[in-house]
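# Notes for the structure review
If you want the building blocks of each chain, they are given just below.
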Amino acid sequence: MNILIIWAESVNRHFGGSTHFWGLMQGIRAVGWQIKAVVPRYGFAEISPAEDVSFIPLPPRCFLSFSLLQIVTVLWLPYWLIRYQPGAVYVRTCFLAFLMGLICRLAGVPLIGEVDAVVDEEARMRGQRRLVVPILKILDKLNYHLADGLVCVTGGIRDEVIRRGADPDTTVAIHNAAQTDIMLPMGQREARRQLGLAEGGYIVGFAGTFAPWQGLDLLIQSVKQIVERLSKPVKFILVGDGQCRPELEKMVEQLAVGRFCTFLAPMPREQTAVFYNACDVLVCPRYDPRTLRYGMSPLKFWDAVSVGIPVIVPEGCELDGVLERLGLPGAYIAGDRESLADAIVGVLAETEHYQSRREDVHQIVSEEYSWDRVAERLSALCSRLSKRT
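Residues numbered from 1 in each chain as written. Predicted model: local features only at pLDDT ≥ 70, side-chain atom pairs only at ≥ 80, totals over all residues. Heavy atoms only, no water.

Per the secondary structure count, the protein chain includes 19 helices and 13 strands. Relative to the compact-globule value of 21 Å for 389 residues, the protein chain shows a C-alpha radius of gyration of 21 Å, a close match. On the principal axes, the C-alpha backbone points of the protein chain span a range of 65 × 45 × 40 Å. Relative to its 389 residues, the protein chain shows a buried fraction of 55%. In the protein chain, of all internal contacts separated by at least 6 residues, the share reaching a separation of at least 24 is 70%. (Helix = DSSP H or I, 4+ residues; strand = E, 2+ residues; numbered from the N terminus. Rg over C-alpha atoms; globule rule 2.2 N^0.38 Å. Buried < 20%, exposed > 50% of the residue type's maximum accessible area, 1.4 Å probe, protein only. Contact = heavy atoms within 4.5 Å.)

Inspection of the entire model under this criterion finds 9 aromatic pairs. When the centroid spacing of 6.0 Å and the interplanar angle of 75° are considered together, the rings of Phe210 and Phe263 count as edge-to-face. Within this pair, whereas Phe210 is found in the loop between strand 8 (202-209) and helix 9 (216-221), its partner Phe263 is found in strand 10 (residues 261-264), the two being separated by 53 residues in sequence. Grouping residues by exposure puts Phe210 and Phe263 together as buried. When the centroid spacing of 6.1 Å and the interplanar angle of 45° are considered together, the rings of Phe275 and Tyr276 count as tilted. Judged on exposure class, the residue Phe275 and its partner Tyr276 are both buried. Grouped by ring-pair contacts, the aromatic residues Trp7, Phe21 and Trp22 constitute a single cluster. (Phe/Tyr/Trp six-rings, centres within 6.5 Å; stacked < 30°, edge-to-face > 60°.)

Here we take up the nonpolar core. Membership of the largest hydrophobic core comes to 70 residues, with the highest contact counts inside it found for Phe236 and Ile344. When residues of this core are assigned to their parent elements, the largest contribution, 7 residues, is made by helix 16 (residues 337-349). If sequence neighbours within four positions are ignored, Ile344 has contacts with Val204, Leu219, Ile226, Val281, Val283 and Ile312. Formed by 40 residues, the second largest nonpolar core is a distinct cluster that contains Cys94, Met100, Leu111 and Ala123. (Core = buried A, V, L, I, M, F, W, Y, C linked by side-chain atoms within 4.5 Å.)

According to the stated counting rule, one finds 0 disulfides in the structure shown. Cys94 takes part in no disulfide bond, and the closest cysteine sulfur, belonging to Cys104, lies 10 Å away. Take Cys261: it sits in no disulfide, and the sulfur closest to it among the cysteines is that of Cys279, at 13 Å. You can call Cys261 buried: its relative accessible area is 11%. (Disulfide = S-S within 2.5 Å.)

Interhelical geometry of helix 2 (residues 63-75) versus helix 3 (residues 77-84) gives an angle of 45° and a closest axis separation of 4 Å. Compared by their axis directions, helix 2 and helix 3 come out oblique. Residue-level inspection shows Val72, Thr73, Val74 and Leu75 of helix 2 in contact with helix 3, the latter providing Leu77, Pro78 and Trp80. For the contact of helix 2 with helix 3, the class distribution of residues is 6 nonpolar, 1 polar and no charged. (Axes fitted to C-alpha atoms, helices over the stretch in contact; angles between N-to-C directions. Parallel < 35°, antiparallel > 145°, perpendicular 65-115°, else oblique. Nonpolar A, V, L, I, M, F, W, Y, C, P; charged D, E, K, R; others polar.)

Bringing the packing of helix 1 (residues 17-30) against helix 19 (residues 371-388) into the picture now. Packing of helix 1 against helix 19 brings their axes to within 7 Å, and their N-to-C directions diverge by 70°. By the angle between their directions, the pair helix 1 and helix 19 is classed as roughly perpendicular. The two elements helix 1 and helix 19 meet at a crossing, and its hand is right-handed. Each of His20, Gly23, Leu24, Gln26, Gly27, Ile28 and Ala30 in helix 1 lies in contact with helix 19, whose residues at this interface are Trp371, Asp372, Val374, Ala375 and Leu378. (Left-handed = near helix turned anticlockwise from the far one by under 90°.)

Here you go:
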């Protein structure tokens, strides 16, 4: 089967949608599909060349260039349908997907939309202008109604989009996954040597975007309490960048925990895998109820468990069952600093045990939570929709 992916996000970053894109591409190739992807290139940004990926040239990234991208994806869709002859079209971050859905129906090709967030609520949380939020809500409702199928990254998001009018028979929940060929376990000492980190003591890690909803303020506020309860030295290493970095650095200074905390720039995927191996535990300290209401499926979680390290996550995030299947601990009471500290200290007390299980955990992730499994479930949905169409 042929599939056309229209991915209206940059795919040349080290985190977020870029990681998702390349993982999904890898999985679809693995199940034997023919694939063509169309993605934006803003300004003179570096690109990651691939035979099955084409780039839409756009002005430097801004609201106007993003809006232009939304229009271009609709206007060029008939050409792409004729040129690539796909059996299905898969779109992400296409706010005019309802128009694309109408075109696809005329062509007899099912359109599948990916839903990784309830967009109007996320826009409100990001502080977008009040006028933008209701517009996004209306567009999403149209998209939910006119897509042939929807893939939601959590069960909570699936329930919400169905409540807003999506067809429950063609709306499925498929969690994100790990690039298990990159996120491989290796010796912790070797990983630390490669990164120039001290080989002794503990490392508590985070890798991702420094955004307000990540809960990193809670982690930093817990540092002293954790340090005082441990007999070995511990470092908190935060890898990434984002709007909250200056605020977080200021907090570190105010709480006088600078000697325990280190900020590192975003890393390429292969180096991020080395960083995870250097850690004893990774933390996803979200606590804002708006980010937990529909569950969560952060890529950092899947990548970290793929190398076999425990990950601390808030209770009720839909990942508790995965941790239980992998034999890893990790849930804490969201927003409770004492509970977060208890969870981290509890994992560090058993770090040798969890290090000894890294290969076993990676094997389970490879078999059950890789992008190949995601692609298989997407393949089943596409086959079902093709018959209906």
